[in-house]
Structure formats: structure tokens, C-alpha cells
2 protein chains.
Amino acid sequence: MARPATEELRRRNRSALLDQLHRRGPQTRAELTEALGLNRSTIGALATDLSESGHIQETTGRSTGAAGRPSTLVECVPEAETVAAVEVRADRVRLALVGLGGTLLARAEVPLEPGADGPEAAELAARLLADTPAAETVAAVPGLVDAGVVAQSTELGWVDRDFRTDLERATGRSWRVADLATAAAVGERSRGDAHRSPNLLYLHGGRGVTAGMIADGRPRRGSSIMLGHVVVNPGGQKCRCGLHGCLEAEMGTFEQSATIEATTTAAWMGDTAAREVVHRSGGLLGRALGSVVTAATPDEVLFGGWLRELYLSSAAAVRSSLAEATLPQLRARLRLRTPALGSEGPLIGAAETGFEALIGEMR
Amino acid sequence: MARPATEELRRRNRSALLDQLHRRGPQTRAELTEALGLNRSTIGALATDLSESGHIQETTGRSTGAAGRPSTLVECVPEAETVAAVEVRADRVRLALVGLGGTLLARAEVPLEPGADGPEAAELAARLLADTPAAETVAAVPGLVDAGVVAQSTELGWVDRDFRTDLERATGRSWRVADLATAAAVGERSRGDAHRSPNLLYLHGGRGVTAGMIADGRPRRGSSIMLGHVVVNPGGQKCRCGLHGCLEAEMGTFEQSATIEATTTAAWMGDTAAREVVHRSGGLLGRALGSVVTAATPDEVLFGGWLRELYLSSAAAVRSSLAEATLPQLRARLRLRTPALGSEGPLIGAAETGFEALIGEMR
DNA sequence: CGATGTTTGTTGTTGTCCGCAACATATGAC
DNA sequence: GTCATATGTTGCGGACAACAACAAACATCG
């Protein structure tokens with residue numbers, strides 16, 4: 001340890017203060033004192049530090065109506081630190097530039113031609129990024145991601161693609177690569193309404209079906225859950241992944257329907273065939289989910305992407321087939337819901353992942 | 001924070017030092033200085049502290065053959081802190097008293113009558129514990145455990161049993177209740193030869209089949225994996241849990257065979273019927289494992305309990321059915337092995353869980 | 001066998017940090 | 001306008017880890 005350990009302590013506290021502000025939003029010094037368990041004077045010193053470094057801004061004297069001297073309000077300066085999040089999907093690449101405190105500073109989107117490979121996608125990301133001054137850059141990719149390598153992505157058709165290297169070559173800067181579903185789970189937990197669940201499973205329906213898990217309050221690093229390739233019908237339909245009876249293969253009829261919305265809408269309107277397709281797909285989803293719930297024991301399951309539409313149209317089928325595949329004790333505490341952030345979840349979560357690293361590196 | 005933060009720092013370092021010694025065994029002061037990244041003088045001060053409190057012992061002057069003054073060897077004093085680990089199984093209750101550094105100080109075992117309930121098992125644990133001076137007491141129970149409550153245990157036949165309360169009533173002291181398979185995973189990682197796997201899945205075959213997971217280097221708190229109740233054959237055999245086609249139900253023929261050893265031995269000897277049973281069971285196990293591997297993405301899988309025998313007799317069947325149920329990218333990095341600690345894993349791991357808490361509380 | 005070099009433990013000093021208490025400041029209540 | 005209350009500010013003290021200088025213990029070499 002090159003630095004004296006006592007300075008390390010200061011850095012930790014400074015980072016904890018910034019983290020608190022970033023995650024919980026503007027707070028008074030009194031609230032910060034309570035939250036961090038430090039002394040008033042210590043909070044004061046830390047605030048002075050962060051104010052001088054431009055990370056926070058203090059607005060004095062907002063009267064609350066209670067007795068006593070009003071406490072100073074402290075808030076993040078969004079521009080002080082920014083993270084660029086990039087979402088790579090089958091048909092588009094999106095970018096969000098997010099400032100400290102979670103403020104959205106800019107967005108951009110370009111179409112991606114189907115079947116694009118890693119370098120092509122990275123090139124688009126580089127174009128979107130241009131010269132935005134982001135301290136961290138994070139990419140969210142649907143599929144099995146491990147240490148920057150996209151081991152398998154049904155949606156993008158990539159196998160063992162070292163996408164981090166592609167990005168770093170295209171942009172000349174350092175990247176983090178996260179699984180889209182895990183990123184979305186992080187987003188829902190940090191900026192959505194899933195604060196309370198320490199064990200959160202986010203299901204993502206895109207061109208493939210994946211899932212991301214937050215276990216014991218922290219995202220599973222390394223790799224995501226290939227929900228689409230859970231075998232729901234041993235010896236069934238041959239899947240493009242090579243296995244037989246995968247969820248994706250068995251749901252094929254649903255996925256191939258003109259559009260998901262059209263099918264679910266038709267089902268709502270009473271179209272018997274559509275209703276049948278939706279019901280069957282919901283049942284298959286429930287079965288696959290059953291295996292994952294048994295293995296990962298979440299408290300809460302969010303249906304993202306087009307799984308949201310499917311779930312809303314076939315909740316009963318999902319629940320009943322889930323009931324046939326998981327123990328009642330596991331189901332008892334399970335909440336099935338739809339995400340609060342909609343299609344913004346992955347970008348928001350990816351940015352949050354960047355901020356976590358950024359603030360963590362300060363200490 | 002009642003304590004001054006600077007004393008907190010000292011406590012952290014003291015705890016880190018003790019943790020290092022507990023986990024890595026006796027080390028010289030020079031090695032500790034390197035490992036903890038602190039100054040020689042700081043290590044000296046910490047060692048003095050811990051020596052005076054009786055936690056460590058220093059043996060001076062062991063010559064290593066290298067130049068320079070030989071470094072003082074530091075080692076834990078086993079009796080300084082002890083943890084009692086209790087393993088509750090269908091037919092017995094076992095206890096191990098483990099000292100700091102992992103030294104086994106005492107063992108005991110009593111038979112448990114089949115069908116015993118929580119209070120009865122707790123009473124036996126209390127008798128075994130007697131007046132052993134353990135700072136922490138941890139129970140390992142096969143099944144789905146959450147916050148001291150055994151939500152479901154096929155082996156013990158318990159459902160939503162508040163076993164922690166049973167134990168605390170019987171012994172008048174505080175208990176931790178861990179899932180047996182998770183405890184075993186912890187044991188294999190800390191005292192076995194699975195140091196390198198940050199994502200470890202331990203499969204336990206007892207009267208039921210469960211699994212425990214270490215994800216990103218830390219045990220999944222809360223609950224374990226009910227591997228025996230993964231549905232491997234939708235609409236198949238009715239299981240005692242109420243579901244249909246669970247692994248346990250489908251493997252029934254194997255489990256009910258006079259003894260597992262007899263069947264696997266017969267299979268080795270060439271008994272065609274036995275070979276058939278073993279092969280089929282291995283295939284079912286592989287299929288269930290496939291779902292869990294997809295959802296939990298381990299690097300390493302250990303076959304514990306009688307699954308060890310099954311795996312050793314049917315590795316090909318397990319691997320081939322696993323290959324039909326998981327993506328090649330997931331299988332590529334997967335190592336299938338048998339545990340190094342044998343049937344001691346759960347007790348050792350439970351004790352280790354206690355020590356983790358004990359050392360963690362010091363800071 | 002003694003001189004030298006090397007590694008490690010020990011001791012006194014220094015810089016930093018946090019908590020505490022006293023004081024200053026800003027508000028509401030009467 | 002005065003008092004009570006809550007909060008920011010300042011100076012002081014206690015604690016800690018790093019640092020440097022010194023002492024101790026060993027190997028090597030002539």
C-alpha cells in the first residue's frame with residue numbers, strides 16, 4: 001500500500017458520500033450524517049473536498065418548516081463524472097450519456113444491419129461516442145458474456161466474440177462489457193422500483209431470450225443466464241444452437257408470428273389461434289422459468305422486452321406451468337412483475353455499472 | 001458509529017490478519033507483511049495485540065537457509081476461538097468442534113430416529129454440544145434453508161420448520177442454520193482443493209438431492225438449490241413433493257435400490273440390470289444438472305454424497321445428457337469432479353461459515 | 001573465525017484522520 | 001424580541017499506520 005492507510009480512510013468516506021448522493025439523490029448534510037454514521041464535522045470536511053473537486057454543489061438554507069437552523073442541501077454535479085452506456089441489439093446500437101446522480105445528458109441511436117459482426121458494431125459505437133467526455137464506457141450485449149467476450153448471443157449470432165477488444169480497437173479507450181439482462185436487472189434495482197429485492201431475476205425477450213440475476217444484492221458477474229436455451233422439451237425441436245427442445249426452439253411459432261404485439265393484441269381481441277399460441281408460449285416460458293427459479297431462487301422476477309407483452313397476455317399460463325415446475329416453498333415468496341423502466345432498463349443499468357466502478361475506484 | 005473510525009481501522013486490520021492465518025495456515029511475519037500490504041511495524045503491533053489476546057502464538061527464529069534474520073513464525077491458537085458445527089441428517093446428528101485455523105478438536109455422533117421433527121433433532125444437538133465452549137454454533141441441514149427456517153427438506157421431511165428457534169430453545173444459545181450443500185461447497189473451497197473456482201456448484205446426494213452454490217467467490221446466502229425437484233420429465237412420475245417428473249421421483253428406482261453402493265458395485269461387476277439403472281440415473285442427473293448449470297453458470301461441479309458413486313459409475317451418461325441440455329460455451333469451462341473432503345465437507349464448511357462470521361464480527 | 005551483506009523485528013517520530021466539545025448561525029415558537 | 005432547537009464550523013485530542021533509523025539474527029566469503 002503506497003498511500004498511508006489513513007488517507008485511504010478519507011478516500012473511502014469520500015467515495016461513500018458520493019455513492020450515497022449518486023444513488024439516493026440530493027440530501028441535506030444532516031441526512032448524510034445520519035446515513036453514513038459519521039460526525040457532522042467529518043461530513044463537512046468531506047463536502048468541502050468534493051465541492052472543491054467539483055463533484056458536488058451545496059445550496060444553502062432551504063427552510064423545512066421545522067425548528068432549528070436549516071441544513072445545507074447537497075447534490076451531485078452531473079457533468080462532474082459521466083458514463084457512456086451503449087446497448088447493442090440485433091437491429092440498432094443505442095447510446096446514453098449519463099451524468100453523476102443518474103441524469104441523462106444525451107442520447108443517440110443508429111440502425112445496425114442484421115448479421116453485423118463485432119467490429120462493425122464496435123465501429124457504430126465509436127461513431128455514436130464520438131468525443132463525448134465519458135470517464136467510463138460500458139456496453140450491454142444480449143447473451144452470455146464473460147470477461148469482455150461474448151461467448152454466445154442468439155440475438156446477434158455471435159460466438160466467442162471478443163467484443164471488448166473490438167470496442168477498444170474502434171474507440172481507443174477502455175470498455176466494460178455487460179450482459180444486457182444483468183444490466184437491466186441492475187437498472188431496475190437502482191433506478192426502478194425493485195429496491196427491496198436482494199434476489200432479482202430479469203428476463204429479457206429480444207431476438208433471443210436471456211436472463212440476468214442479482215443475487216444477495218449484487219449482480220452476478222461473469223455470465224448471464226441463457227434462458228432461451230433451457231431445455232423444456234427433451235428431444236424436441238432442433239434449435240439453432242444445436243440442442244433439442246430449447247425454449248427458443250419450442251417457442252418458435254410465437255417468435256416468428258408477424259410481430260409479438262400483433263399476436264398478443266389478436267389474442268386480447270379473441271382470436272382463438274393467437275390465444276392458443278400465446279397460451280402455449282406462456283406455458284413454455286413458465287416451465288423454463290421453473291428450472292431457473294429452482295436453481296437461482298429469486299424473490300422477484302421481471303419480464304422485460306417482449307416477454308412483458310407475453311407475460312401480460314398469458315400470466316395465468318405462466319403461473320400454472322411455473323407451479324408445475326417449482327416447489328411451493330420457492331413460489332411462495334416469488335413476485336412476478338414487469339419492469340418499471342421499460343426498454344430503458346439496460347442502458348440505465350449499464351451506466352449504473354459504470355458508476356459503481358467509477359465511484360469504487362475513487363477509494 | 002460509536003467507535004472512533006481510527007480504532008475501526010485497527011480492528012479491520014487485526015481481523016484481516018487473523019483471517020489470513022486462519023485460512024492460509026501458519027505464516028511468517030514477513031509473509032504476512034507481504035500478504036496484507038501493511039508495514040512491518042504495523043504487523044508487529046497487530047501481532048502483539050493478537051498475542052496478548054491469546055489468539056496467536058509466535059515461535060521465533062526458524063532458520064530458512066536464506067540470508068538475513070529469520071522471520072518469526074505466527075500461527076493461530078486453536079483453542080482461542082472455537083466453532084461447533086452440527087450436521088443433521090435423516091439418520092444421525094454429528095458434531096465437530098473446530099478450533100481457529102481449522103483444527104478439529106472434538107467429534108461426536110448420535111443416531112437420529114427416522115422421521116424426527118425439529119425439536120427432537122435440536123435436543124440431540126444440545127446433548128452433543130453439552131458444555132463445549134464454542135463461540136459460534138452452526139447447523140447444516142439438507143434442504144431449502146432461509147433465515148434459519150427449513151422451508152423444505154426432502155431428507156428430513158420438514159416443511160417450513162423454524163429450526164433455528166428449535167435449536168435456540170434446546171440449547172439456550174444463538175445459532176446459524178446453513179444448507180448442507182452450500183456448507184459443503186464452502187468447505188471444499190476453503191479446506192478442499194477447489195480454491196480456484198469462484199463459481200462452484202456442490203451436488204449433494206442424501207435421502208434427497210440438493211445443491212449449493214458459491215457465486216463470485218461467496219456462498220449464496222439464503223437458500224440452496226433443490227436439485228432433486230428440478231423437473232426432468234414434465235408430466236412424469238408423481239413426486240412426494242407434489243410435482244410431477246422431479247429428478248428424485250424419476251430416479252426412484254435407483255434410490256430405492258437396496259444400497260447405492262450395491263447397485264454401483266453390481267454395475268461395475270457387469271450386472272446388466274444394475275448397469276441399466278445406473279446409466280439411466282446418470283442420464284437424469286445430467287439433465288437436471290443441465291438446467292442448473294444454465295441458470296447458475298458454475299466453473300466447477302462437485303458430486304457429493306452418494307452422487308459421487310453415481311457419477312463415478314456413470315460419468316459418460318452424465319456428461320452426454322448434460323451435453324444435450326447446456327450450450328457448448330457453458331460446458332467448455334466446466335469441470336466435473338468429486339469432492340476432496342468426502343463426507344466431512346458439510347461439517348468443515350459449516351464450521352468455516354461460523355469462523356467467517358466470528359472473524360468478521362471482530363472488525 | 002571474523003567481517004560483510006541481507007533480511008527482519010523494534011522503537012520513536014510524523015502526518016492524517018476522525019470524534020468531540022464549544023461556539024456560531026439560522027430558523028420556529030411564544 | 002427572546003428562547004429553544006437544529007445545524008455548520010473550529011480547535012483540540014486520541015489513535016493509527018507509515019517511515020526511518022537502529023538492533024538483531026542469519027548466510028557467505030575469505
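Quick notes on the rules
Residues numbered from 1 in each chain as written. Chains lettered and ligands numbered in written order. Predicted model: local features only at pLDDT ≥ 70, side-chain atom pairs only at ≥ 80, totals over all residues. Heavy atoms only, no water. Near = heavy atom within 4 Å. Polar contact = N/O pair within 3.5 Å; in protein donor to acceptor, adjacent residues only side chain to side chain. Helix = DSSP H or I, 4+ residues; strand = E, 2+ residues; numbered from the N terminus. Nonpolar A, V, L, I, M, F, W, Y, C, P; charged D, E, K, R; others polar. Contact = heavy atoms within 4.5 Å. Buried area = accessible area lost by both parts, 1.4 Å probe. Salt bridge = Lys/Arg side-chain N within 4 Å of Asp/Glu carboxyl O. Expected span 1.5 Å × (residues − 1). Bend = angle between axes of the 7 residues up to and from the residue. Buried < 20%, exposed > 50% of the residue type's maximum accessible area, 1.4 Å probe, protein only. Pairing = 2+ DSSP bridges. Domains from an automatic or database assignment. Axes fitted to C-alpha atoms, helices over the stretch in contact; angles between N-to-C directions. Parallel < 35°, antiparallel > 145°, perpendicular 65-115°, else oblique. Left-handed = near helix turned anticlockwise from the far one by under 90°. Least-squares fit on C-alpha atoms with pLDDT ≥ 70 in both. Arc of directions from axis to C-beta. Disulfide = S-S within 2.5 Å. Patch = residues over 30% accessible without salt bridge, like charges linked within 9 Å, V, L, I, M, F, W, Y side chains within 5 Å. Areas by Shrake-Rupley, 256 points an atom, 1.4 Å probe, with all protein chains shown as cover.

Student: Teacher, can you tell me more about the protein's contact with DNA strand D here?
Tutor: Within the structure, DNA strand D sits among 30 residues, and Arg29, Gly68 and Ser71 of chain A together with Asn13 and Thr42 of chain B are positioned closest to it. Sugar and phosphate atoms constitute 71% of the interface atoms of DNA strand D, taking the interface as everything within 4 Å of the protein. Within the contact set of DNA strand D, a base oxygen lies 3.2 Å away from a backbone nitrogen or oxygen of Gly68 of chain A. A distance of 3.0 Å separates a base nitrogen of DNA strand D from a polar atom in the backbone of Arg69 of chain A. Elements with a minimum of two residues in the surface near DNA strand D: helix H2 (29-36) and helix H3 (40-52) of chain A together with helix H1 (5-24) and helix H3 (40-52) of chain B.

Student: Looking at this structure, how should I read the protein's contact with DNA strand C?
Tutor: With respect to spatial proximity, 28 residues lie near DNA strand C, and among them Asn13 of chain A together with Arg29, Gly68, Arg69 and Ser71 of chain B are the closest. Each atom of DNA strand C within 4 Å of the protein was classed as base or backbone; sugar and phosphate made up 70%. With respect to DNA strand C, the side chain of Thr6 of chain A contributes an N or O atom lying 2.9 Å from a sugar or linking oxygen. The backbone of Asn39 of chain A places a nitrogen or oxygen atom 3.1 Å from a phosphate oxygen of DNA strand C. Mapped onto the surface near DNA strand C, the elements with two or more residues apiece are helix H1 (5-24) and H3 of chain A together with helix H2 (29-36) and H3 of chain B. Considering each element in turn, the surface near DNA strand C owes the most residues, five residues, to H1 of chain A. Here the residues of the surface near DNA strand C are counted per class, giving nine nonpolar, twelve polar and seven charged.

Student: Hey, could you run me through the interface of chain B and chain A in this one?
Tutor: For an interface, size is often stated in terms of accessible area lost upon the parts coming together. Counting residues at the interface gives 45 residues for chain B, matched by 45 residues for chain A. Of all residues in chain B, Arg220, Leu327 and Gln329 of chain B bury the most surface against chain A, accounting for 18% of the area lost on that side. Among the ionic pairs, Arg333 of chain B bridges to Asp146 of chain A, the shortest N-O distance being 2.5 Å. At the surface where chain B touches chain A, the tally comes to six residue pairs in polar contact (both at pLDDT 80 or more). Elements supplying a minimum of two residues to the side of chain B that touches chain A: H1, strand E8 (144-146), strand E9 (149-153), strand E10 (158-161), strand E13 (209-215), strand E14 (218-219), helix H10 (272-296) and helix H12 (328-332) of chain B.

Student: Would you mind showing me how to read helix H11 (residues 307-323) of chain A here?
Tutor: For the α-helix, the turn length of 3.6 residues means that residues three or four positions removed from each other point alike. Residue and element names in this part refer to chain A. When the terminal C-alpha atoms of H11 are compared, their 18 Å separation across 17 residues is substantially less than the 24 Å that a helix rising 1.5 Å per residue should span. Within H11, the axis deviates most sharply at Ser314, by approximately 90 degrees. Those residues of H11 that fall on the buried side of the exposure criterion are Leu307, Leu310, Tyr311, Ser314, Ala317, Val318, Ser321 and Leu322.

Student: Whenever I open this one, the pairing of strand E4 (residues 82-88) of chain A confuses me. Can you help?
Tutor: Taken residue by residue, a regular strand's side chains alternate between the two faces of the sheet. All names here are of chain A. Judged by how many residues are buried, E4 sits mostly within the fold: seven of seven residues are covered. Going residue by residue along E4, you find Thr82, Ala84, Val86 and Val88 tucked away on one face and Val83, Ala85 and Glu87 tucked away on the opposite face as well. With antiparallel pairing between neighbouring strands as the criterion, E4 and strand E5 (residues 92-99) make up a hairpin whose turn holds three residues. For E4 and strand E7 (residues 136-141), the ladder comprises five bridges, and the chain directions are parallel. Considered in E7, the bridge of Ala84 is made with Thr137.

Student: Any chance you could explain the domain arrangement of chain A here in plain terms?
Tutor: Domain assignment breaks chain A into domain 1 (5-76), domain 2 (80-184 + 344-362) and domain 3 (194-339). Look at where the C-alpha atoms of domain 1 of chain A and domain 3 of chain A centre, and you get two points 43 Å apart.

Student: Teacher, can you tell me more about the packing of helix H9 (residues 260-269) of chain A against H11 of chain A here?
Tutor: For any two helices packed against each other, the geometry is given by the interaxial angle and the distance between the axes. Residues and elements named next belong to chain A. At a minimum axis distance of 10 Å, the contact between H9 and H11 shows a crossing angle of 15 degrees. The orientation of H9 relative to H11 falls into the category roughly parallel. Like other packed secondary-structure pairs, H9 and H11 cross with a definite hand, here left-handed. Mapping the contact onto sequence places Ile260, Glu261, Thr264 and Trp268 in H9 and Glu309, Leu310, Leu312 and Ser313 in H11. For the contact of H9 with H11, the per-class residue count stands at four nonpolar, two polar and two charged.

Student: Looking at this model, I keep getting lost on the sheet that holds strand E1 (residues 27-28) of chain B. Mind explaining?
Tutor: Strands pair in a sheet through their backbones, by hydrogen bonds, and they do so in one of two ways: parallel or antiparallel. Residues and elements named next belong to chain B. Pairing is antiparallel in the open sheet, where three strands are placed in the order E1-E3-E2. One side of each edge strand has no neighbouring strand; the edge strands of this open sheet are E1 and strand E2 (56-59). The pairing of E2 with strand E3 (residues 73-76) spans four bridges and is classified as antiparallel. Each residue of the ladder has a partner; that of Ile56, found in E3, is Cys76.

Student: Got a minute to help me understand the relation of the copies chain B and chain A in this structure?
Tutor: Both copies of the chain are placed relative to one another by a rotation about an axis and a shift along it. Under the fitted operation, chain B is carried onto chain A by 0.0 Å of movement along the axis and a turn of 180 degrees, and the coordinates agree to an RMSD of 0.1 Å. In short, the pair behaves as if placed about a two-fold rotation axis. Both copies contact each other with a shared surface, as 100% of the interface residues of chain B are interface residues in chain A too.

Student: What is the right way to read helix H5 (residues 163-171) of chain A from this model?
Tutor: All names here are of chain A. Listed as buried for H5 are Phe163, Asp166 and Leu167. Summarising the axial view, the buried residues of H5 lie within an arc of 95 degrees, below the 170-degree limit, and thus occupy one face. Contacts made by the buried residues of H5 are with E4, helix H4 (118-129), E7, strand E9 (149-153), strand E10 (158-161) and strand E11 (176-179). A positive backbone phi angle near 70 degrees is found at Gly172, which sits one or two residues after H5.

Student: Explain the pairing of E3 of chain B here, please?
Tutor: Strand direction decides the pairing type here: E1 of chain B and E3 of chain B, joined by two bridges, are antiparallel. What sits directly across from Gln27 of chain B, in E3 of chain B, is Val74 of chain B.

Student: Is there a simple way to explain unusual backbone geometry in this structure?
Tutor: Most peptide bonds take the trans form, and the phi angle of most residues other than glycine is negative. Positive phi, close to 50 degrees, is recorded for Asp216 of chain A, a residue that is not glycine. Non-glycine residue Thr297 of chain B carries a positive phi angle of around 40 degrees. Mapping Thr297 of chain B onto the fold places it in the loop between H10 and strand E15 (300-305).

Student: Can you help me understand the state of the cysteines in this one?
Tutor: In a disulfide, the sulfur atoms of two cysteines are held together by a covalent bond. This model, assessed by the stated rule, comprises zero disulfides over all chains. Here Cys239 of chain A stays unpaired: no disulfide links it, and the sulfur of Cys241 of chain A, its closest cysteine neighbor, is 3.6 Å away. Free cysteine: Cys246 of chain B, not disulfide-bonded; nearest cysteine sulfur from Cys241 of chain B at 3.6 Å.

Student: Honestly, a nonpolar patch on the surface in this entry has me stumped. Any pointers?
Tutor: Residue and element names in this part refer to chain A. Taken together, Trp268, Met269 and Leu312 make up a surface patch of nonpolar side chains, about 410 Å² in accessible area. Within the secondary structure, Leu312 sits in helix H11. Residue Leu312 is classed as partly exposed on the basis of its relative accessible area, which comes to 39%.

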